[in-house]
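The residues making up each chain are set out below.
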There are 2 protein chains.
Amino acid sequence: MKLEMAAKRLAELGHETRLKIFRYLVKGGHQGVPVGEIQSALDVPGSTLSHHITRLVSVGLVEQRREGRTLYCVPQYDELHGLIDFLQEECCVNENNPS
Amino acid sequence: MKLEMAAKRLAELGHETRLKIFRYLVKGGHQGVPVGEIQSALDVPGSTLSHHITRLVSVGLVEQRREGRTLYCVPQYDELHGLIDFLQEECCVNENNPS
DNA sequence: AAGATATTTCTAGTAATATCGAAATATATA
DNA sequence: TATATATTTCGATATTACTAGAAATATCTT
């Protein structure tokens, strides 16, 4: 993952409401969670929720799938793991080797 | 880790310059890296760099240790791992169990 | 003490983000 | 077609963050 993308994703997760949303999705599993369920579970006004979900989608951490009137939000586990790997990349390779 | 703290830490990492700084520190190991080395390695103006380091310190992702005129920045690996664990906590526990 | 080195604080202009009610859109059902 | 449900878009305001030059502080050396 490029640093720019990693920073964007971390920034989106770095907001209490969005982090709550994302964790709720991660907990929910691969089938995804309807927007309406997130709304009642987390008690966020619709317009605010929609804004935050749009941002998570915009950086690829969430995708959406429509079934009739219901929009499911699906967390992108691969991107999450890529982000985690990025944070630990080259960990300590310069330990005791001051450049 | 509380959600509020996790969000704060993610937000600080969600900035290109700060993420570069933090990764440089993570790579550098437990002894830490002098501010001046970060400055020349990443080519950031001193006042800007100081501002970003202060923010990383303020959320506990970095600590500092002074040796004479030199300030070493030490990444807090435990906090990083705590953050990573937080992101994966309860992963998929509701898979196929719509509430 | 004077000068050099390392880093921070101050300051201010600019830009980005958060919030949520109201209105709009999309889809289903009667 | 009319109504209900699900979700988004619009719009306006308020708050917070980014940047970097200049000045200040801290420590070391001579």
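Quick summary incoming for the structure in this document. Nothing here was measured: the structure is a model prediction, and the numbers come from that model.

So, how was this worked out
Residue numbers here run from 1 along each chain, matching the order of that chain's written sequence. All chains are assigned letters beginning at A, and all ligands numbers beginning at 1, according to the order in which they are written. Only residues with pLDDT of at least 70 get local features here, since the model is predicted, and only at 80 or more are side-chain atom pairs given and counted; chain-wide, interface and lining totals rely on the full set of residues. Residues are classed as near a molecule or strand if the C-beta position derived from their backbone is within 6 Å of it. Note on conventions: DSSP H or I runs of at least 4 residues are helices, E runs of at least 2 residues are strands, and numbering of each starts at the N terminus. Put simply, Ala, Val, Leu, Ile, Met, Phe, Trp, Tyr, Cys and Pro go in the nonpolar bin, Asp, Glu, Lys and Arg in the charged bin, and everything else, Gly too, in the polar bin. Expected span, for any helix, means 1.5 Å times one less than how many residues it has. Partly exposed residues are those falling between the two cut-offs: more than 12 but fewer than 20 other C-beta atoms within 10 Å of their own, whereas 20 or more means buried and 12 or fewer means exposed, with C-beta atoms placed from the backbone.

**Re the protein's contact with DNA strand C**
Taken together, 20 residues lie around DNA strand C, and Ser47(A), Gly68(A), Gly36(B), Ser47(B) and Ser50(B) are the ones closest in. Mapped by element, the contributors of at least two residues to the surface near DNA strand C are α4 (46-58) of chain A together with α3 (35-42), α4 (46-58) and β3 (70-75) of chain B. When residues of the surface near DNA strand C are assigned to their parent elements, the largest contribution, six residues, is made by α4(B). A per-class count over the surface near DNA strand C returns five nonpolar, 13 polar and two charged.

**As for helix α2 (residues 16-28) of chain B**
Residue and element names in this part refer to chain B. Look at α2: 18 Å from first C-alpha to last across 13 residues, which is about the 18 Å you get at 1.5 Å a residue. Along α2, the residues that are buried comprise Arg18, Leu19, Ile21, Phe22, Arg23, Leu25, Val26 and Gly28. Taken from the residues just after α2, glycine 29 is the one with a positive phi, measuring 95°.

**What to know about unusual backbone geometry**
Residue and element names in this part refer to chain A. Phi angles above zero are rare outside glycine, and glutamate 90 is one such case at about 60°. Inspection of the secondary structure puts glutamate 90 in the segment after α5 (77-88). One non-glycine residue, cysteine 92, lies in the positive phi region at around 65°. Here cysteine 92 shows up in the segment after α5. A tally of 16 C-beta atoms within 10 Å means that cysteine 92 is categorised as partly exposed.

So yeah, pure geometry; function would need other evidence.
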